[in-house]
Amino acid sequence: LSLLRETYYPPDTLSLPSSGMEGDTDLQFLLVGGDLLKVRSSSWKKTRFYKLQEDCQTMWHESKKTFKFNQTFSIKDISAVRAGRQSEGLRKNTEEPVEGRCFSIIFKGRRKNLDLMASSEEEAKQWVTSLEKIMSNMENLNSQQKTEHWIFNCLRKADKNSDNKLSLEELKDFLHQINIEVDDQYAEKLFQECDQSKCGHLAGDEIEHFYSLLTHRQEIDTIYGEYAKTTGFMSAENLLEFLIKEQREEATLADAHRLINKYELDDKAKEKQLMTQDGFLMYLHMPEGLVLNPTHKAVHQDMSQPMNHYFISSSHNTYLMEDQLKGPSSTEAYARALIKGCRCVELDCWDGSDGEPVIYHGYTLTSKILFKDTIKAIKEYAFKTSDYPVILSLENHCSVEQQRVMAQHMSSILGSALLTSPLGDQMPTDFPSPEELKGRFLVKGKRLTKLEACFGPEETAGDDGSLTEEEEDDKEEEEEEKKKEGKKLKLAKELSDMVIYCKSVHFNGFQDAKDNLGFYEMSSFKERKAMALAEESANSYIRHNVDKLSRIYPSGTRTDSSNYNPVPLWNAGCQIVSLNFQTSCNDMDVNQGRFLTNGKTGYILKPAYMRDLGSEFDPITLTAGPWLQHKTLHLMIISAQQLPKVNQKKTSIVDALVKVEIHGVPADTADKETPYIGNNGFNPMWNENFKFDVYVPELALVRFVVEDHDSVTDNDFVGQFTVPFTSLQMGYRQVPLLNKEGDPLPSAGLFVHIMIMDA
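Here the structure is a predicted model, which means the values were calculated and not measured.

**Section: the pattern of salt bridges**
The full count for this structure, using the stated rule, is 25 salt bridges. One salt bridge connects glutamate 380 with lysine 384, and the closest N-O pair in it is separated by 4.0 Å. Salt bridges sharing common partners tie together Asp24, Asp26 and Lys133.

**Brief notes about the UniProt feature "binding site: Ca(2+) 4" (unreviewed entry) in the protein**
Here, UniProt's "binding site: Ca(2+) 4" (unreviewed entry) annotation points to Ile653, Asp655 and Asn679. On the basis of their most widely separated C-alpha atoms, the annotated residues across 27 residues gather in one place, lying no more than 6.5 Å apart. Within the fold, aspartate 655 resides in the loop between β22 (631–641) and β23 (656–663). Exposure remark for aspartate 655: the relative accessible area of 18% places this residue in the buried category. When residues no more than four places from it in sequence are discounted, the contact partners of aspartate 655 are Tyr676, Ile677, Gly678, Asn679, Glu707, Asp708 and His709. As for its placement among the helices and strands, asparagine 679 is situated in the loop between β24 (670–673) and β25 (685–694). The exposure class of asparagine 679 is partly exposed, given its relative accessible area of 36%.

**Here we look at helix α2 (residues 25–32)**
Taken as a whole, α2 has its buried residues at Asp26, Leu27, Leu30 and Leu31. Taken around the axis of α2, the buried residues stretch over an arc of 140°, which confines them to a single face. Of the exposed residues in α2, the ones pointing more than 90 degrees away from its buried face are Thr25 and Val32. Those residues of α2 hidden inside the fold are in contact with β2 (45–52) and α4 (121–139).

**As for the pairing of β2**
Strand direction decides the pairing type here: strand β1 (residues 34–39) and β2, joined by six bridges, are antiparallel. Bridge pairing in β2 places leucine 36 opposite arginine 48. Following β1, the chain reverses through five residues before pairing antiparallel with β2. Judged from the five bridges that link them, β2 and strand β3 (residues 58–63) form a sheet pairing that is antiparallel. Its bridge partner lying in β3, tyrosine 50 is registered against histidine 61. Hairpin connection between β2 and β3: a loop of five residues separates the two successive antiparallel strands, and cysteine 56 in this loop has a positive phi of roughly 60°.

Here is what the cut-offs are and how they apply
Throughout this document, residue positions are counted from 1 along each chain, in the order its sequence is written. The predicted origin of the model limits local features to residues at a pLDDT of at least 70 and limits the giving and counting of side-chain atom pairs to 80 or more, whereas totals for whole chains, interfaces and linings rest on all residues. The basis for the side-chain values is all heavy atoms of the structure; hydrogens and waters are excluded. Basic side-chain nitrogens of Lys or Arg form a salt bridge, by our definition, when they fall within 4 Å of a carboxyl oxygen of Asp or Glu. UniProt positions are given in the numbering used here, feature names are shortened, and annotations may be inferred rather than shown by experiment. Every helix listed is a DSSP run of H or I at least four residues long, and every strand listed is a run of E at least two residues long, numbered separately from the N terminus. For every residue, the accessible area obtained with a 1.4 Å probe (protein chains only) is divided by the maximum for its type, and the residue is called buried under 20%, exposed over 50%, and partly exposed between those limits. Contacts are residue-level and defined by heavy atoms, with any inter-residue pair within 4.5 Å sufficient. It is the directions from the helix axis to the C-beta atoms that the arc portrays. Should DSSP find at least two bridges between two strands, the strands are regarded as paired.

Dropping the structure here:
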């Protein structure tokens, strides 16, 4: 409301939205704007004028052509701003002397980077600093501020003549923009109710009244009213009663006081240690009120277990931005995967020109990137999200000569962070822990000798008679592919010696692995073979993965870089279940949910019964054991708020429905959905109750999906959020929503009630 007062009260000029940066010199720099050189190629470098629009959320730029061509992009769509010639485009299309004048804007999703050059190093630094500051400011806005900014922008767009007033037609346009359809009669009724001056437009207090009617939430009235027993407000004692009775928290009176001091907006109420309804709503949108247990957001698991006792976030064909037939390869793809918390990346290495190995998808039209540039990018972004170890999974097709170059690049670029010998001074019998390997790189690939050679007489290096790992696994089905290779792969000792804890070997069965393989010798499985083992020999697979690592990768027929369901492989204890991070899909949503907790380290500790060599757990037959902890999940989908438009046509309004999916062992897998609410994406309400039986909660994930109903074609995706079952908070909870790329949808969310009971 304060934002609306600032904006729609005299003087009759639009004020900037309340962003906490009023008067800030960096903000003023962006609002004034300036010329930058846009770089697309060595020959295409053109001047563009860039500035921040008055909404403080949108960057605007125009060309210098005689006919104006204006474009905008949102600050919230920026993933990062990188100073210098860090992008492939700038490294390729500019010279080293202009390093300090260059910077890149990296967008979320598949949008191409924006490579720019300022007139001086000082100006480039100013652009980078200013953009990073406003990005940080937007990220730190609470949900109420994000809603205010969103509604403010919709009001600005609806106010066609910029007179700070809303006519009836402008009000209708505004309602369409915020994703709510009302008939003309209701719109007129709402308009007349607010038009107290009877002058045919809304201004000042009238717009504030309109906003209050619009954002009023009956469900919050009901909940708050039940516990606001102290002169119409919640006292600390009332709030404590709510936390214990509804939220099922082990809270104390001190916790209630802390929440009031933290989230109450009214200073007078705060002085009296009371919580108003606005403060209560603020609490519900903060970490303490969200569906995800806030104590699980940070590292909360034991990180001192052997590395193979964890599920490890893993990427397949990491270098690809799109499909694996003709799509582009890019070092940016590695940066994006690592920033998402991926801890195992793949490098398909082939001989390149000028003695420099390259990475690309062999025998296809995918573009090529230099191996050394890839290692530099990996070093730059490996530990920005997680400090825990990164595995470099090598698919090695190179000649011995270029393998030596690979080894030299990894050694010189990664330095002491590259693990080149076992930890300790004697032959290990188990993997080190993620904690012990913090900040380290591990190479996965072929090795000429046993690991024991590190502690005894060196064995003779020679030809190990191997194909590359994925070729080896597919050899029975892909004889033609073998013919293309024409010869066995030879290994350079320098590269071989870098493989320590992740030596790639062919899988000859569980008994053979148990009898003949060291703990550090691991196999890769194509998805079809792995799925068959997980279904037919699940318990044997689980025991195999107690002291070995297993990597799973998508079938070669997935030329579109589509994905497979990772859940059955996690159920079988497989650690490195590699997915195509470049492809947005349900499977990647589930993968993101699996690694959402534990500080987004990319390592999730497997349940105790999957770390026991004598385990009898079988996710298919599900016999009795400590894994059976039958729970009943009672879930009410109450309402949604500020759902984004899927179809950007002016007349298109979301017909919202919610699906709830349980992903886990077969007995737990289920889904249910609400009816759809027609023509309301702003504040649809369902009050729909669901009940789920969950037998193995430690392996279960809950996925909330919002869709736009379509009676003719498939429903359109609106947003989703996936959370581990054991990380759910009970009671009245807000569910934030993510877009198809896995990034937050500002202001959008679900309001639910959760109860978990022993069955």
